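# Overview (structure and organization)
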2 protein chains.
Amino acid sequence: MASAMVANGDLSAVKFLAPETGRVAAVYSEVQNSRLDHALPLPSVLKNSFKVVEGPPSSAAGHPEEIAKLFPCVFGQPSTMLVPSQLGEFPSGQSLKIGVVLSGGQAPGGHNVISGIFDYLQNSCKGSTLYGFKGGPAGIMKCKYVVLTPEYIYPYRNQGGFDMICSGRDKIETPEQFKQAEETASKLDLDGLLVIGGDDSNTNACLLAENFRSKNLKTRVIGCPKTIDGDLKCKEVPTSFGFDTACKIYAEMIGNVMTDARSTGKYYHFVRLMGRAASHITLECALQTHPNITLIGEEVAAKKETLKNVTDYIADVICKRAELGYNYGVILIPEGLIDFIPEVQQLIAELNEILAHETVDEGGLWKNKLEQQSLKLFELLPPAIQEQLMLERDPHGNVQEAERYEGRCGLPSNFDSTYCYALGYAAGVLLHSGKTGLISSVGNLAAPVEEWTVGGTALTSLMDVERRHGKFKPVIKKAMVELDGAPFKKFASMREEWAINNRYISPGPIQFVGPVADRVNHTLLLELGAQA
Amino acid sequence: MASAMVANGDLSAVKFLAPETGRVAAVYSEVQNSRLDHALPLPSVLKNSFKVVEGPPSSAAGHPEEIAKLFPCVFGQPSTMLVPSQLGEFPSGQSLKIGVVLSGGQAPGGHNVISGIFDYLQNSCKGSTLYGFKGGPAGIMKCKYVVLTPEYIYPYRNQGGFDMICSGRDKIETPEQFKQAEETASKLDLDGLLVIGGDDSNTNACLLAENFRSKNLKTRVIGCPKTIDGDLKCKEVPTSFGFDTACKIYAEMIGNVMTDARSTGKYYHFVRLMGRAASHITLECALQTHPNITLIGEEVAAKKETLKNVTDYIADVICKRAELGYNYGVILIPEGLIDFIPEVQQLIAELNEILAHETVDEGGLWKNKLEQQSLKLFELLPPAIQEQLMLERDPHGNVQEAERYEGRCGLPSNFDSTYCYALGYAAGVLLHSGKTGLISSVGNLAAPVEEWTVGGTALTSLMDVERRHGKFKPVIKKAMVELDGAPFKKFASMREEWAINNRYISPGPIQFVGPVADRVNHTLLLELGAQA
């Protein structure tokens, strides 16, 4: 594989040649290059012979009877777990044809999931073929793929992004689309398909599993938990990959602006963080950096806070700090905050109604159509926001800002690198053992890698239903920040001190070597009951 | 010193106790903590006995006769250089009273300059006192200071920010202000003052040196080259500190969005980079990451390009890439770009005139006051920009954006850590040897640290004059990107390939250990004629 690499004195970079054409495919920095041969340890259970054992039948996160109707073939499957065993699970000599697809937004570590399943097939199912579907689920439907080889995969080991086979946001939903997927599965004679994605993509993976089984196709489908937002997790899947790296990248930046705030003594930095509806990223960044103010959407919702409550809280802290002589600070705000303030939702709903059906007069008579509480809220808003709420059709009235993409495409941390490799390797085992409709599950993550557990969890067990257009639709329940969970409680116990005193921590850039390199994020450790 | 540190199981952080009060002064991340004891090697010449030799008399960067009039006492001083010598320069037993001040915006490494001069005094002038003036030059004028001790300084070694003594943007300019500075110098019986700052602050340092000498005060003044913008440099001062770290931080982020662009295949990322008027940061980031388009303000000015030229160039590259199937890319733009487009300057000047003296009618008749070329340009602009140019009094008509402060407050790279320590150590030597009006100069930076040269350069030799309000004012000439310099030529020779092919490099986060950790930025290496 080193033959695919040519040293390049020029700008200290290293070039990769495409195996097919011999032309330059990529140019690597020294850090990227140093990551290629970073060792990826496996959990002990995967290194020795094991068997796959099953637990009791599973249910659903909500409305199990509806989920059972939607997934008659795969509902109720037990979770599976790998346990050491003198007798290995599989006869030797079996080879498989497996497809893999990246679905949805990027998360650091996706390439390592592919490396993991590839290496499993190489090590345990010699002669297997791994097809990488290009551009997300559309690649399955159009049968657009590349046959993954060691030369093809090597340059992406421990690298960020999803560019090995790229991703896409298509869903396989209509009968025609399912038909296309079946055709591809048949054409390539697929034994299995690994779907690497978030909650929607894993729901889709389960629908595919159900569909293939109902049609008596041999193709099994396994999902893999991907999202930097951290909202796809459950007991058996302690975290989604990418969350660790993304939070560390954001926390580095927050630590830097904290140093800036303390040095200049005159700025309040407002940092808006990704995470969609959930505030996991914001909470984790707070635990890593100790900002003066952190808003957690789930708490705002639980306490039914008004916009004024929220702004009063910010103003109060700023005033208290001013009394102490601190005219600076750092404030973390989750991007989904507005969704959690009931009165804002109410106002927007009323405005949408008015904009759709009424004339909005210059004189402002239209405002009489607003409920009293909504009118009061509207009058509280600055004119620029009022205007935006009236002009834009964005249902949230959010000021559209440039997203902070730096987090989702960074080089994966050691944790994400190793975790993803294990997730991919485990997915290989699950497909090899004929499982379908499960999500690859690697646990006991606070322990050394050797002690990590490996198994699969029924995707239907993560599901509830939502009613849309008169029909039940299955959805994987988003894991929100739990106010009685250890991460939030830790934060809540310290935030008053952080508000008034300055307890800023600057985590610094992600390190790949040295004692700090293998640290895991606080959220995961606290949720696992470990000392964070 | 370790006694000031208490291990803290809580969140893997380490707490520092303030030596005076025993209360928590700061909480450190593991990476911050690991940096505290990072070894700072010194150039060999500083480690053994040396003497200070002088070169020929110096001149000025422009209008030497005017500079000579403005600095009658210190103009024309020779540059000095430390050379190994059996006979040491200084008698032993001498102790000094020195003040140090941080001036202007932050740059990674400032704390190490202070560590450097402190350690020099500890090692070579036992019994010396180092006063840290608080909050920038205002601290000198108000005689607000802290006596720096090993316990006080230790927690800031190799740390980012300027929070040890903070900074400020005041200048010592009026006769009253010079009087205040003299009073402080006399009150503290200062032998010397080290001013750590950018071009303006170093000009101010030279004025102070001139003033103290003209008044027969014993206080010498030495400057130190600080700015992330990289525009304070000359032959003897190959780079300003902070540039290396800031560029690496920005380049990491650019590398991440490049990975994002390549993975998603559908975005053009426009990245606006700090650097004030000069495009050094943008150029360095381009050399580190290979974007598709990079605008260099100095080139736009030299070629007298119009706004349309610039946007046409961007559009052309985007079209060519679309033909090749690449509907994505990364574009770097220096924040000072607009200042380099002559026609934009002209338009803004005309608009300012009109807004000051004319009625701006709704019908647009006021536009007749514009010159034809300016009118054409105005009509070319999108309505939102037109509005902003008319409403805002910002003389540049810039869309005010959140500055990217992440770069200026990061943990200093190994290069900046070592370079700053040497700069501070050298400043100690210069003050000890009675020099004034010099800027601390450490050279031969492409070689191993042992071989770095150490000396001082006459601040007046960096100066030219500007005429303001009918008077000549001395200014240190900003070092702009030179179009016949090696960094620009390297970039120019490669940009066409970068535009069309994808040669993205993702430098990854700054590493503090391992083989990559000691790498120096491309600009510096290329300017020094080394293989970058």
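Residues numbered from 1 in each chain as written. Chains lettered and ligands numbered in written order. Predicted model: local features only at pLDDT ≥ 70, side-chain atom pairs only at ≥ 80, totals over all residues. Heavy atoms only, no water.

## Focus on the overall build of chain A
- A tally of regular secondary structure across chain A gives 18 helices and 18 strands.
- Relative to the compact-globule value of 24 Å for 532 residues, chain A shows a C-alpha radius of gyration of 25 Å, a close match.
- Summarising its shape, the C-alpha atoms of chain A cover approximately 75 × 55 × 45 Å along the three principal directions.
- Across the 532 residues that make up chain A, the buried fraction comes to 59%.
- Considering only residue pairs separated by 6 or more positions, chain A has 76% of its internal contacts joining residues 24 or more positions apart.
- Just so you have it, chain A exposes about 21100 Å², and 52% of that area is on carbon and sulfur atoms.
- Considering chain A, the positive charge centre built from 51 side chains and the negative charge centre built from 61 side chains are found 4 Å apart. (Helix = DSSP H or I, 4+ residues; strand = E, 2+ residues; numbered from the N terminus. Rg over C-alpha atoms; globule rule 2.2 N^0.38 Å. Buried < 20%, exposed > 50% of the residue type's maximum accessible area, 1.4 Å probe, protein only. Contact = heavy atoms within 4.5 Å. Areas by Shrake-Rupley, 256 points an atom, 1.4 Å probe, with all protein chains shown as cover. Lys, Arg positive; Asp, Glu negative; His and termini not counted. Charge placed at Lys NZ, Arg CZ, Asp CG, Glu CD.)

## Observations regarding the relation of the copies chain B and chain A
- By a simple turn and slide, chain B fits onto chain A: the slide is 0.1 Å along the axis, the RMSD is 0.1 Å, and the turn is 180 degrees. On this basis, the relationship between the two copies can be described by a two-fold rotation axis. (Least-squares fit on C-alpha atoms with pLDDT ≥ 70 in both.)

## A few points about the interface of chain B and chain A
- Every contact between the two is made by 61 residues of chain B and, on the other side, 61 residues of chain A.
- For the chain B and chain A pair, buried surface summed over both sides reaches about 5100 Å², with 54% attributable to carbon and sulfur atoms.
- Our count for the chain B to chain A interface comes out at six salt bridges.
- Two residues, R519 of chain B and E30 of chain A, come together in a salt bridge whose shortest N-O distance is 2.4 Å.
- Summed over the shared surface of chain B and chain A, the result is 22 residue pairs in polar contact (both at pLDDT 80 or more).
- For the side of chain B that touches chain A, the secondary-structure elements that each account for two or more residues are β3 (24-28), α1 (30-36), α9 (243-264) and α17 (486-500) of chain B.
- For the side of chain B that touches chain A, the element with the highest residue contribution is α9 of chain B, accounting for 10 residues.
- Residues of the side of chain B that touches chain A, tallied by class, amount to 27 nonpolar, 21 polar and 13 charged. (Buried area = accessible area lost by both parts, 1.4 Å probe. Salt bridge = Lys/Arg side-chain N within 4 Å of Asp/Glu carboxyl O. Polar contact = N/O pair within 3.5 Å; in protein donor to acceptor, adjacent residues only side chain to side chain. Nonpolar A, V, L, I, M, F, W, Y, C, P; charged D, E, K, R; others polar.)

## Some thoughts on the packing of aromatic side chains
- For the structure on display, the rule yields 24 aromatic pairs over all chains.
- Between the aromatic rings of Y419 of chain A and W452 of chain A, the centroid separation amounts to 6.4 Å while the plane-to-plane angle is 80 degrees, which identifies the pairing as edge-to-face. Of this pair, Y419 of chain A sits in helix α16 (residues 414-432) while W452 of chain A sits in the loop between β15 (438-443) and β16 (453-458), and the two are 33 residues apart along the sequence. Pair check on accessibility: Y419 of chain A and W452 of chain A agree, each one buried.
- Between F415 of chain B and W452 of chain B, the ring centres sit 6.0 Å apart and the planes meet at 65 degrees, which makes this aromatic pair edge-to-face. Taken together, the residues F415 of chain B in helix α16 (residues 414-432) and W452 of chain B in the loop between β15 (438-443) and β16 (453-458) connect sequence positions 37 residues apart. (Phe/Tyr/Trp six-rings, centres within 6.5 Å; stacked < 30°, edge-to-face > 60°.)

## What about the pairing of strand β10 (residues 192-197) of chain B?
All names here are of chain B.
- Taken across its six residues, β10 has six buried, putting it largely inside the fold.
- Along β10, one buried face is formed by G192, L194 and I196 and the opposite face, lined by L193, V195 and G197, is buried too.
- Bridging between strand β6 (residues 97-103) and β10 involves five bridges; their strand directions are parallel. Its bridge partner being in β10, V101 is matched across the sheet by V195.
- Pairing of β10 with strand β11 (residues 220-225) involves six bridges; the strand directions are parallel. When the bridges of β11 are listed, I196 appears paired with C224.
- Regarding topology, helix α8 (residues 199-214) serves as the crossover connection from β10 to the parallel β11, and that connection is right-handed. (Pairing = 2+ DSSP bridges. Right-handed = clockwise from strand over helix to strand, strands pointing away.)

## Some points on the side chain of N204 of chain B
Residue and element names in this part refer to chain B.
- Mapping N204 onto the fold places it in helix α8.
- Reaching out from N204, the side chain makes a polar contact with the backbone oxygen of I172 at a distance of 2.8 Å.
- Contacts of N204, omitting those with residues within four sequence positions, involve K171, I172 and E173.

## Quick notes on the sheet that holds strand β12 (residues 268-273) of chain B
Residue and element names in this part refer to chain B.
- Strand order in this open sheet of three strands is β12-β14-β13, and the pairing throughout is parallel. At either end of the open sheet lies a strand with only one pairing partner, and these are β12 and β13 (293-294).
- When β12 meets strand β14 (residues 329-334), the two strands line up parallel, connected through six bridges. Each bridged residue has a counterpart across the sheet, and for L273 the counterpart in β14 is P334.

## Examining the pairing of strand β14 (residues 329-334) of chain A
Residue and element names in this part refer to chain A.
- Of all six residues in β14, six are buried, a share of seventy percent or more.
- Where burial is concerned, the two faces of β14 agree: the one with G329, I331 and I333 and the one with V330, L332 and P334 are both buried.
- Summarising the sheet, strand β13 (residues 293-294) and β14 pair through two bridges and their orientation is parallel. Among the inter-strand pairings, T294 is bridged to a residue of β14, identified as L332.

## Looking at the state of the cysteines
Residues and elements named next belong to chain A.
- All told, the structure shown has zero disulfides over all chains when counted by the stated rule.
- Free cysteine: C143, not disulfide-bonded; nearest cysteine sulfur from C166 at 17 Å.
- The thiol of C247 is not disulfide-bonded; the next cysteine sulfur, from C285, is found 4.8 Å away. (Disulfide = S-S within 2.5 Å.)

## What about the confidence of the model for chain A?
Residues and elements named next belong to chain A.
- Chain-level statistics for chain A give a pLDDT mean of 91 and a share of 94% at 70 or above.
- Within the model, the stretch residues 1-11 combines pLDDT values under 50 with 28 contacts to residues more than four positions away or in other chains.
- Note on residues 394-403: pLDDT under 50 across the span, and 18 contacts to partners over four residues away in sequence or across chains.
- We note a pTM of 0.93 for the whole complex and an ipTM of 0.91 for its interfaces. (pLDDT = per-residue confidence, 0-100.)

## As for the packing of helix α12 (residues 307-323) of chain B against α17 of chain B
Residues and elements named next belong to chain B.
- The interhelical angle for the contact between α12 and α17, taken along N-to-C directions, is 50 degrees, at an axis separation of 8 Å. It follows that α12 is oblique to α17 by the angle criterion. Contact residues: Y313, V317, K320 and R321 in α12; R495, W498, A499 and I500 in α17.
- Here the contact of α12 with α17 is built from residues that sort into five nonpolar, no polar and three charged. (Axes fitted to C-alpha atoms, helices over the stretch in contact; angles between N-to-C directions. Parallel < 35°, antiparallel > 145°, perpendicular 65-115°, else oblique.)

## Examining the sheet that holds β14 of chain A
- In spatial order, the strands read β12-β14-β13 (chain A); together these three strands make up an open sheet with parallel pairing. Looking along the sheet, the strands with just one partner apiece sit at the ends: β12 (268-273) and β13 of chain A.

## A look at the environment of V442 of chain B
Residues and elements named next belong to chain B.
- Summarising the element assignment, V442 is placed in strand β15.
- The spacing of V442 and F241 is 201 residues in sequence and 11 Å in space, taken between C-alpha atoms.
- Those residues in contact with V442 that lie beyond four places of it in its chain are E236, P238, Y419, A422, L423, A426, W452 and T453.

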